[in-house]
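Residue-level structure breakdown
Spelled out from the first residue to the last, the chains are:
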Amino acid sequence: MDTFKGLGKSLTSLGTQITPFASRTFQYTKEQLGQAEDKTQLPPDYIDLEKRVDALKAVHQKMLAVTSQYSHEAYDYPPNIKETFQDLGRTVSEKVTLLSSATSPAEAQAALTAPPTAKPQPKTFPHAIARASLASSQTLHQQHTGAGEDPLATALEKYALAMERVGEARLAQDAQIQSRFLAGWNTTLNTNLNFATRARKSVEKARLTLDAVKARVKGTTWKLGGASSPRQDIHDEHELSPEAQEEIEKAEDEFVTQTEEAVGVMKNVSICPLVVSRISRPLTYKQVLDTPEPLRNLAELIAAQMEFHKKAHEILSELAPIIDGLQVEQE
């Protein structure tokens, strides 16, 4: 037992010389081992803010995990199809223009395989449908021997042109979502919420420092095997030296300052009871929880989706009567 008491006394003495980081580490270890007797409690309002910030962060992570697909052009591109470099060389509109001037099957085939004039065409589902429809249309045209045009071939060509327009509308939607939703939500997650996380870490750091100082000046730096430090029984708060009391107050001031700043970062609210007693003015900091940006960004996401579906509806609504007319003529 004397050995344990001696070791405890040595650790207590060491606590007056170690760095603040080591002191906080000691305090944290004590708390994890259930050795801390007097852990400073964070105010309930502060803990509530932490939970709300954690919830907001989880929401951003979950939504971005899905909506980040709008940053990848081929998110709806069928994985089972294999298009060649020639297939992606020109737009459907360009190919239709070239085909309109072809006077033989060889020229028509050359129009379909004409060398690219720009970057490869988009790999989206609507664009893939457009290219497949145009290729199918030409297959029918080449085998058609009757008078006039093959109605299905004509319909497929018109459908190809329409679906290319739908694909372009989808790309426009994606661009809007990237700039008006994803950029904003990524900023909130990676900047604003990170500020809150750093502020909360500073609070925990100040809290550990405060409790470590209290434990050291009161002689309760460490306990081993139930042994108490010789100083533990003789030091009460009213018996602390002026120097020790000043050190505790300094640590308390730092804890209050960090808590104040963290509350201000997370939300502009009246300061919780522990801090109210030490400051006389309310906080007016940039807010994380009450910022309108996430909701505004969500509205932009919905607006972009609405615009795309509206445009797609308009394009297909124009096409449908034409296809119906071709069907009637054939019948």
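Here is a short report on the structure shown in this document.

Some thoughts on the overall build of the protein
When its secondary structure is counted, the protein shows 10 helices and zero strands. Walking the protein from its N terminus toward its C terminus, one meets helices and strands in the order α-α-α-α-α-α-α-α-α-α. Taking as baseline every contact in the protein between residues at least 6 positions apart, the subset at least 24 positions apart corresponds to 75%. Carbon and sulfur atoms form 56% of the exposed surface of the protein, whose accessible area is close to 19,000 Å².

Observations regarding the pattern of salt bridges
Counting across every chain of the model gives eight salt bridges. Between R170 and D76 there is a salt bridge, with its nearest N and O atoms 2.6 Å apart. With R170 in helix α7 (residues 151-217) and D76 in the loop between α3 (44-67) and α4 (92-100), this pair connects stretches of sequence that are 94 residues apart. A relative accessible area of 2% means that R170 is categorised as buried. A salt bridge links E293 to R296; the shortest N-O distance between them is 2.1 Å. In this pair, E293 and R296 both sit in helix α10 (residues 293-330), three residues apart, roughly one turn of the helix. With a relative accessible area of 34%, E293 lands in the partly exposed category.

Regarding α10
The periodicity of an α-helix, 3.6 residues per turn, causes residues three or four places apart in sequence to face the same way. The end-to-end C-alpha distance of α10 is 55 Å, a good match for the 56 Å that 38 residues give at a rise of 1.5 Å each. For α10, the full list of buried residues reads P294, N297, L301, A304, F308, A312, I315, L319 and L326. On its buried face, α10 sits against α3 and α7.

Let's talk about the packing of α7 against helix α8 (residues 242-266)
Across the interface, α7 lies against α8 with an axial gap of 8 Å and an inter-helix angle of 165 degrees. With respect to their mutual orientation, α7 and α8 come out roughly antiparallel. Crossing hand, α7 versus α8: left-handed. Classifying every residue of the contact of α7 with α8 by side-chain character gives 15 nonpolar, three polar and seven charged.

Remarks on the packing of aromatic side chains
Applying the stated criterion across every chain, the model contains two aromatic pairs. A centroid spacing of 5.5 Å and a plane angle of 80 degrees characterise the contact between Y70 and Y75, whose relative ring orientation is edge-to-face. A cation over a ring is seen here: R170 above Y75, with NZ or CZ 4.1 Å from the ring centre.

Topic: the nonpolar core
The biggest cluster of nonpolar side chains holds 30 residues, and the ones touching the most others in it are I177 and M266. Residue assignment for this core shows that the elements contributing at least two residues are α3, α7, α8 and α10. Of all the elements, α7 adds the most residues to this core, at 13 residues. Excluding residues that lie within four positions of it along the chain, I177 makes contacts with Y70, L182, L301, A304 and Q305. A162, A169, F308 and A312 belong to the second-largest nonpolar core, a separate cluster that totals 12 residues.

The rules behind each value
- Residues numbered from 1 in each chain as written.
- Predicted model: local features only at pLDDT ≥ 70, side-chain atom pairs only at ≥ 80, totals over all residues.
- Heavy atoms only, no water.
- Helix = DSSP H or I, 4+ residues; strand = E, 2+ residues; numbered from the N terminus.
- Contact = heavy atoms within 4.5 Å.
- Areas by Shrake-Rupley, 256 points an atom, 1.4 Å probe, with all protein chains shown as cover.
- Salt bridge = Lys/Arg side-chain N within 4 Å of Asp/Glu carboxyl O.
- Buried < 20%, exposed > 50% of the residue type's maximum accessible area, 1.4 Å probe, protein only.
- Expected span 1.5 Å × (residues − 1).
- Axes fitted to C-alpha atoms, helices over the stretch in contact; angles between N-to-C directions.
- Parallel < 35°, antiparallel > 145°, perpendicular 65-115°, else oblique.
- Left-handed = near helix turned anticlockwise from the far one by under 90°.
- Nonpolar A, V, L, I, M, F, W, Y, C, P; charged D, E, K, R; others polar.
- Phe/Tyr/Trp six-rings, centres within 6.5 Å; stacked < 30°, edge-to-face > 60°.
- Lys NZ or Arg CZ within 6 Å of the ring centre and 35° of its normal.
- Core = buried A, V, L, I, M, F, W, Y, C linked by side-chain atoms within 4.5 Å.

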